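Take a look at the letters that make up each chain.
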Amino acid sequence: PIHTLEPTGPKSGRPTFKPTKESTKEPTNSPSSSPVTSVTTSVPSPAPTICEERMKWHPDEKFSVCINDFDYPPEWNNPNVENNYFYESLEECCKGVFGTPECPYIDVCNPTANPTSSPTLSPSESPVVT
């Protein structure tokens, strides 16, 4: 078939607002005679998990805080070294990185324990750690 941007024949008159009875091989501007009754869907994804179950605690790249986000060097995912960087809890991270049960941390699952009542005019110098 030849595709053009202009009409290829005489005008057919006013629309009838009735669907065609037979299917067409080429796309048309007219509706089909019956609705599509089957829909193809992909396999559903697993149910979402809570943040704490997905996130592992680890030091930030400067080893200044423990954090539970996905922002860490890709080489830390190596099975030979991942036990050196990832921890199941904040306390384990603090002990493993700083040698104490408490340390500076950033919890992305609970980002702001005490939010400010209104925005400030300038950004803070460093992240707020609790």
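One can find the structure itself at the top, above this paragraph.
Residues numbered from 1 in each chain as written. Predicted model: local features only at pLDDT ≥ 70, side-chain atom pairs only at ≥ 80, totals over all residues. Heavy atoms only, no water.

Focus on the overall build of the chain
When helices and strands are tallied, the chain shows two helices and three strands. Counting from the amino terminus, helix and strand elements in the chain follow one another as α-β-β-α-β. The buried share of the chain, taken over its 130 residues, is 16%. A total of about 11700 Å² of accessible surface is found on the chain, and carbon and sulfur atoms cover 55% of it. (Helix = DSSP H or I, 4+ residues; strand = E, 2+ residues; numbered from the N terminus. Buried < 20%, exposed > 50% of the residue type's maximum accessible area, 1.4 Å probe, protein only. Areas by Shrake-Rupley, 256 points an atom, 1.4 Å probe, with all protein chains shown as cover.)

Re the state of the cysteines
A covalent bond bridging the sulfur atoms of two cysteines is what the word disulfide describes. For the coordinates displayed, the defined rule picks out three disulfides. The disulfide bridge from C66 ends at C93, spanning 2.1 Å between sulfur atoms. Here C66 and C93 share a disulfide; its torsion about the S-S bond, -95°, makes the bridge left-handed. Taken together, the residues span a long stretch of sequence, with C66 in strand β2 (residues 66-67) and C93 in helix α2 (residues 90-98) at a distance of 27 residues. (Disulfide = S-S within 2.5 Å.)

Overview of the side chain of D60
Counting through the fold element by element, D60 comes out in the loop between β1 (58-59) and β2. For D60, the side chain forms a polar contact with the main-chain nitrogen of S64, separated by 2.7 Å. When near neighbours in sequence (up to four residues on either side) are disregarded, D60 contacts V65, I67 and W76. (Polar contact = N/O pair within 3.5 Å; in protein donor to acceptor, adjacent residues only side chain to side chain. Contact = heavy atoms within 4.5 Å.)

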